[in-house]
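Coordinate analysis (summary)
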Amino acid sequence: MEEKNMITLTIDKHEVTVPAGTMLLDAAKTVGISIPTLCHIDLKGTCVQNMPASCRICVVEIEGRRNLAPACATRVTPGMVVHTNSARVIRARKTVAELILSDHPNDCLTCPKCSDCELQRLVMRFNIRTMPYNNGEQSVRKQELTPAITRNMEKCVYCRRCESVCNNVQSVGVLSAIRRGFNTTIAPTFDKMFSDTNCTYCGQCVAVCPVGALTERDYTDRLMDDLSDPDKVVIAQPAPAVRFALGEEFGMPAGTIVTGKMATALRDLGFDYAFDTDFGADLTIMEEGAEILHRLKKFLAGDKDVKLPIMTSCCPAWVNFYEHEFPDLLEYPSSAKSPAQMFGAIAKTYWAEKMGIPREKIVCVSIMPCLAKKYEAEREEFKVDGNPDVDYSISTRELGRLIKRANIDFVNLPDSEFDSPLGESTGAAAIFGITGGVMEAALRTVYEVYTGKTLPHIDFNDVRGFEGIKEATIDLNGFELKVCVAHTLSNARKVMDALRAGKLNYHVVEVMACPGGCIGGAGQPYHHGNIEILKARAAAVYREDEGKALRKSHENPDIQKLYKEFLGEPMSEKAHHLLHTHYSDKSIK
Amino acid sequence: MAKEMKLACNVVEQVEAICDKHGNRPGELINILHEAQNMHGYLPEEMQRIIARKLNIPASKVYGVVTFYSFFTMTPKGKHSISVCLGTACYVRGSEKLLEEIKRVLNIEVGETTPDGKFSLDCLRCVGACGLAPVVTIGEKVYGRLESKDVKKILDEVAAND
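In what follows, the accompanying structure is described. The shown structure was predicted, so the numbers you read here are calculated from the model rather than taken from an experiment.

**Here we look at the pairing of strand β9 (residues 149–152) of chain A**
Residues and elements named next belong to chain A. Taken together, the three bridges between strand β8 (residues 143–145) and β9 define a ladder with antiparallel strand orientation. Pairing of E144 across the sheet is with R151, part of β9. The loop that links β8 with its antiparallel partner β9 comprises three residues. In this sheet, strand β12 (residues 214–216) lies alongside β9 in antiparallel orientation, the contact comprising three bridges. Residue R151 lies in a different strand from β12, and its bridge partner there is L214.

What follows is the structure in structure tokens.
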């Protein structure tokens, strides 16, 4: 039965047996042959896929066929004899790369993608030393700087990965190819600026761009200036997911936990205080957890108007998504701010008062696996008299670059602890950066507060893993709490469409915009389509959680102190003022 | 950028009716765009958004199709639509000079419409009248064996006959 569906073929000198339907590209991988690709991306186990077979970099020779075939889009057949490295194949690939270069600026030395560019790697791999087709005209295309994303379409190679993720993974549909021939470009709706469309700034287009056409907005120069200004108190807050990926920027294996080294590096860079967004994550659970309980109690008391499910609101791209596309459902998401914004609000009030530092002197910098956070920090409702709670946000990649610039030997740094009091956190905060993590963290607290009992099993395995939409039922003293976890915005749209149709039977829903959650965020080191990197980061997340003495947000002693000294209790008037927000209809009419 | 004029209610209804007639199927997009342009003369942004909404596809996709095919236009055509043939026969007999002259006289570029809405200018490849090269069409009428010096006179005549 098994054998019936297996196909045997020859690739170079190897006999390969793979399931029917396998593409040559994947069949070759099973015997260690890595065929070069450019337009192709397939983050297996997620919906991140782009297989247009348009670049022709992956061509191979198949005996009995006249033309070379793209390995990414050619399925195996029995007895097929494939040559992946014949002279004809290698010459063809080189020509294809040379033709792509003929309409590329080739300003690699100063390109933000230099050394991390897939086209550059091909050029090295094919030993291209001249550019035979580069005497012609080059197309002039749009450049744009948004708060989160930098767009330089002159570098575009038309792989259309960005278009695929924007449409298929995120269902946002802002990006599409327009015009034709040399005038073709990939552009936001009606060739407008991203900022004039319903772009959520999720940045997944940046995460998959093989070249330097789409990159993050870089704030490292601004940060260098602030760090060297003696009048400013610069504080850092790295997000939960950063510590599981930053090491990759320095050649460490994916999944290396670098929490302690990162704290040391932040101080070496000149930050006055190295705090932790994980503190903000624990605080988020206190507020969001209280809101969940508040709505549940109303619901159980027979209140028909209570809005359920309550939805998480930590992910700024998700917030943009529902403000743009579901303005009729804005009462469902929790009003709790994201951990980073909660951190900023507390740092510039509670901590500033404690330290006697005026708000204006503090520069609060968030270090995020995310690009939408750059936009979130700029939102007007997160400012007090024009002064933002979080001054600006840099990505994991930017922190990596900054550490290299400051000649810090990251790999050999000693570990250190975050500063007190905004550096203390629990295992619940550590898992905030992965799909299902916010839900699990909330459940740990909601369960204990609601039932008054200690959790028998702290791990909620049903909400873990990379499945697009996960469900779980939790027994709260006989009440069946139904929860749902979705990642990527196309899955979120399914949930929202069901809610709009009145067909959604959950009490709590978690959404993260990026595949895998923040560990797959657009500000993380590039995964270049390798799912193993995301899996290794995910495993690291749960290792960090297990290693923590405290694993429930409400047990964080500094959080308890914050409520005792300053906030009163969750959802108090003060907490509401500082830690909650509101949403508005931002749909494009 | 100038704020686009709102479409009249009846135009919105007509576009929606065209979409309905085609079952609001995304696969019918090109047919729908054809009919909408036939009805309204051009495909403004708002009209594309209506079609996108009806077909439940992103507006960016509609715009992608509209900009891919040269037949579709997002600028309103003039009362008299001028097309200059740049096919091989016309080209070698100097149609490019004619084009330059029309651009100069009307003070518009290819794809544009005069501010008074009278003339719009486009290029095409071959109207099947190569014997008359170089050829310009204005509306339905074909003008053959033209020279640059004829351009002003013809345009004045067309304008005067309105």
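From this point, the narrative continues.
**Digging into the sheet that holds strand β22 (residues 508–512) of chain A**
Residue and element names in this part refer to chain A. With respect to topology, four strands assemble into an open sheet ordered β15-β22-β21-β20, the strand pairing being mixed. Since the sheet does not close on itself, it has two edges, and those belong to β15 (310–311) and β20 (469–476), each with one partner. Taken together, the two bridges between β15 and β22 define a ladder with parallel strand orientation. For I310, the partnering residue across the bridge sits in β22 and is V508.

**Things to note about the environment of K535(A)**
In this fold, K535(A) is placed in helix α16 (residues 531–546). Residues K535(A) and G516(A), spaced 19 residues apart in sequence, show a C-alpha to C-alpha distance of 8.8 Å.

**Describing the sheet that holds strand β7 (residues 81–83) of chain A**
All names here are of chain A. If you walk across this open sheet you meet the five strands as β2-β1-β7-β5-β6, and the pairing is mixed. The open sheet is flanked by β2 (14–19) and β6 (69–70), the only strands paired with a single partner. As paired strands, strand β5 (residues 59–62) and β7 are joined by two bridges and run antiparallel to one another. Residue pairing across strands places E61 opposite H83, the latter belonging to β7. On top of the sheet, helix α2 (residues 87–102) reaches β5 and β7; it is set at about 155 degrees to β5, its chief contact.

Thresholds, definitions, all that
- Residues numbered from 1 in each chain as written.
- Chains lettered and ligands numbered in written order.
- Predicted model: local features only at pLDDT ≥ 70, side-chain atom pairs only at ≥ 80, totals over all residues.
- Pairing = 2+ DSSP bridges.
- Helix = DSSP H or I, 4+ residues; strand = E, 2+ residues; numbered from the N terminus.
- Contact = placed C-beta atoms within 7 Å.
- Axes fitted to C-alpha atoms, helices over the stretch in contact; angles between N-to-C directions.

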